[in-house]
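The primary structure of each chain is shown beneath.
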Amino acid sequence: MEIEWLHQEPQRLLTHYQSIMEATISSFIRKGFFNADEKGDLLQTLNLQMLEGKLEKIKAQFNGSVYLRTYFSKVVYNACTEITRQKKRQAKTFDIDTLYDLEATNSNAYEHLAIRDELLRLEAILKGQGKKQLKSELCLKLLVRIVLKLLDIQFYNSPKTKAEIETIREHFFQPYDQMTDKVVFEKVVPLFNKIENKSNDSDSLRKWVYQLTEKIIALLNGGSSPSNFDKDSLKILMQLYFSQSRN
Amino acid sequence: LKHHLINGHLTDEALALYTEALKLGHLAQLPEGIQEHIQACEDCHREAMDLYSLIADADYSALGQHPSFEKSAPKKRNLYVRLTYGALALAASLCALLYFNSQENLNPSVPDTPIQAFEDSIKQEEDITELPQEEVAQEQSEKREEMPKAEEQEPELLAGNFEVSDNLEDLVGEFTRSDIIKINNPSPGAEFKPGQFISFAWQQEKPQPHFLIIVNNQEEEIFKIFLEDGEYQYKEALSKGLYYWKLESEDDLLYVGKFFVR
């Protein structure tokens, strides 16, 4: 239907996709590239750009391997990025303190949504781990001292890992904030060794997790992102992420 | 991969494809090289993260069949594995051909239609199960009602039913190496017709009660039963698709198997 509109009724498609354009502009406002009162003008600019050539370009270049609305979102994202370059706009640095008092009454709707954006970007990194996603998430939960539940280890639970699972249940199913990283990973490395048929020491696993967090920080902070995460603030973001995804 | 690159970075459509794979859980179906490029290229990775944050909460359920992921569900395999599968498939086809040729000579009544084949399968089940007449009749009528429903499904919907579950696929057969449980039925990847009874059987040195759980390829629980014995016959009609079954104790996942209904 949407592809038919692209070829036969592009204006109808544009009307249909107004919400996509608005959502994309709002995400740029949340990053601080634009003020909230510029939203109407930006929407008008984007609509003009679409009618004056971008829709034709989409028609010519879109090969149909994805949903049109995702591709359209990318085109709008690119157009917004281009406007920020033309207007030489800078993102405002994401206020990490907002993470500390998310529940505070003085944090506004934009700040809540900005955190939501960061959580989704973190989710994209974790999901992109593919087959390492389960291991990454379990290790990161341990790093930020999330109290584990059976659900967190269900895919590792088997007769051959009974002893290792028991160790995890004994130590990580209750608060373990006082434990050092070294001790935490000493207790979990036998599980991964058993499953992967390896004999790594806990320091290797700990270093792997540290490297993963450094990679996550680099991805979250880099490019045009206004984020400025360090290890401590990433821990807070991850605690928030894991506590929300649990619900 | 070069079809998906422009100036050394992923094209917008390739980025969109990766992002949709994240959103819809089809990472394993991405064309070779895209995921590797994302992991190696921070610029593309960040663009994908940004795009994901834009589309993650959008409702795509009404958009129907995905143009790339749901047509087929090939997992990325290397050439050796593909050749091996090809050779096995060829051998299986030849065996099947020889078998059916020999059977045709013995028994000329080969079913002409899917309905006839289905009724034949019910007949076979009657012979095996020896259920009371009323129960058999009721089950037959239930299954006849089920059958057209399955046949009426849109092909694209059916294709989606055979998508593998990334979480469960890697665990299939994982624990059969344990000496504690020996799985007798069904063998991993066994195929059943819609409505056909499915026998589950396993053995343990020290028999213990377990939960038998059947989930569909979306990991939605279809059936769960607590069993004292190591066998069970599932008699409900399942629609066409890929299913996983699990054996669980009170707090252990003991085994994951899979079977197809088609």
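Please refer to the structure placed before this passage.
Residues numbered from 1 in each chain as written. Chains lettered and ligands numbered in written order. Predicted model: local features only at pLDDT ≥ 70, side-chain atom pairs only at ≥ 80, totals over all residues. Heavy atoms only, no water.

Structural notes on the sheet that holds strand S5 (residues 198-204) of chain B
Residue and element names in this part refer to chain B.
Move 1: Strand order in the open sheet formed by 3 strands is S3-S5-S8, with antiparallel pairing between adjacent strands. Every interior strand has two partners, whereas the edge strands, strand S3 (181-185) and strand S8 (231-234), have only one. This sheet shows a mean twist of 15° between the axes of neighbouring strands, independent of strand direction.
Move 2: As defined by bridge partners, S5 adjoins S8 across 4 bridges and the pair is classed as antiparallel. Looking across to S8, one finds that Ile-198 is bridged to Tyr-234. (Pairing = 2+ DSSP bridges. Helix = DSSP H or I, 4+ residues; strand = E, 2+ residues; numbered from the N terminus. Axes fitted to C-alpha atoms, helices over the stretch in contact; angles between N-to-C directions.)

Focus on the interface of chain A and chain B
Move 1: Taken together, the contacts link 46 residues of chain A with 46 residues of chain B.
Move 2: The junction of chain A with chain B conceals about 4,100 Å² of combined surface from both sides, 58% of it contributed by carbon and sulfur atoms.
Move 3: Contact with chain B buries surface across chain A, with Tyr67(A), Lys74(A) and Phe155(A) losing the most and accounting together for 18% of the total.
Move 4: Between chain A and chain B we count 5 salt bridges in total.
Move 5: Taking the shortest distance from any N to any O, the salt bridge between Lys74(A) and Glu47(B) comes out at 2.6 Å.
Move 6: On inspection of chain A and its partner chain B, the count reaches 22 residue pairs in polar contact (both at pLDDT 80 or more).
Move 7: Elements supplying a minimum of two residues to the side of chain A that touches chain B: helix H3 (18-30), helix H5 (68-86), helix H7 (109-127), helix H10 (162-172) and helix H12 (202-221) of chain A.
Move 8: Broken down by element, the side of chain A that touches chain B gets its largest block of residues, 8 residues, from H7(A).
Move 9: In terms of residue class, the side of chain A that touches chain B is made up of 15 nonpolar, 17 polar and 14 charged. (Contact = heavy atoms within 4.5 Å. Buried area = accessible area lost by both parts, 1.4 Å probe. Salt bridge = Lys/Arg side-chain N within 4 Å of Asp/Glu carboxyl O. Polar contact = N/O pair within 3.5 Å; in protein donor to acceptor, adjacent residues only side chain to side chain. Nonpolar A, V, L, I, M, F, W, Y, C, P; charged D, E, K, R; others polar.)

Observations concerning H10(A)
All names here are of chain A.
Move 1: Buried within H10 are the following residues: Glu-164, Ile-165, Ile-168, His-171 and Phe-172. Buried residues of H10, viewed axially, fall in a sector of 140°; they line one side. Opposite the buried face of H10, by more than 90 degrees, sit the exposed residues Lys-162 and Ala-163.
Move 2: Here the buried face of H10 lies against helix H8 (133-143), helix H9 (150-153) and helix H11 (181-196). (Buried < 20%, exposed > 50% of the residue type's maximum accessible area, 1.4 Å probe, protein only. Arc of directions from axis to C-beta.)

What to know about the nonpolar core
Move 1: Counting 94 residues, the largest nonpolar core has Ile58(A), Phe72(A), Leu140(A) and Ile216(A) as its most contacted members.
Move 2: If near-sequence neighbours (up to four positions away) are discounted, Ile216(A) is found in contact with Leu122(A), Ile125(A), Leu126(A), Leu140(A) and Leu234(A).
Move 3: One finds Ile198(B), Trp202(B), Leu212(B) and Leu238(B) within the second-largest nonpolar core, a separate group that totals 20 residues. (Core = buried A, V, L, I, M, F, W, Y, C linked by side-chain atoms within 4.5 Å.)

Focus: the sheet that holds strand S4 (residues 190-192) of chain B
Strand pairing in a sheet takes place through backbone hydrogen bonds and is either antiparallel or parallel in direction.
All names here are of chain B.
Move 1: On the basis of which strands lie adjacent, the open sheet formed by 5 strands has the order S4-S10-S9-S6-S7 and mixed pairing. Edge positions in the sheet fall to S4 and strand S7 (221-227), since each has one partner strand and no second. Strand after strand, the sheet turns through a mean of 25° between neighbouring axes, direction not considered.

What to know about the packing of H5(A) against helix H1 (residues 12-24) of chain B
Move 1: Across the interface, H5(A) lies against H1(B) with an axial gap of 9 Å and an inter-helix angle of 120°. With respect to each other, H5(A) and H1(B) are oriented oblique. Every pair of crossing elements has a handedness; the one defined by H5(A) and H1(B) is right-handed. Residues Thr70(A), Tyr71(A), Lys74(A) and Asn78(A) of H5(A) form the contact with H1(B), whose own contacting residues are Asp12(B), Glu13(B), Leu15(B), Ala16(B) and Glu20(B).
Move 2: For the contact of H5(A) with H1(B), a count of residues per class yields 3 nonpolar, 2 polar and 4 charged. (Parallel < 35°, antiparallel > 145°, perpendicular 65-115°, else oblique. Left-handed = near helix turned anticlockwise from the far one by under 90°.)

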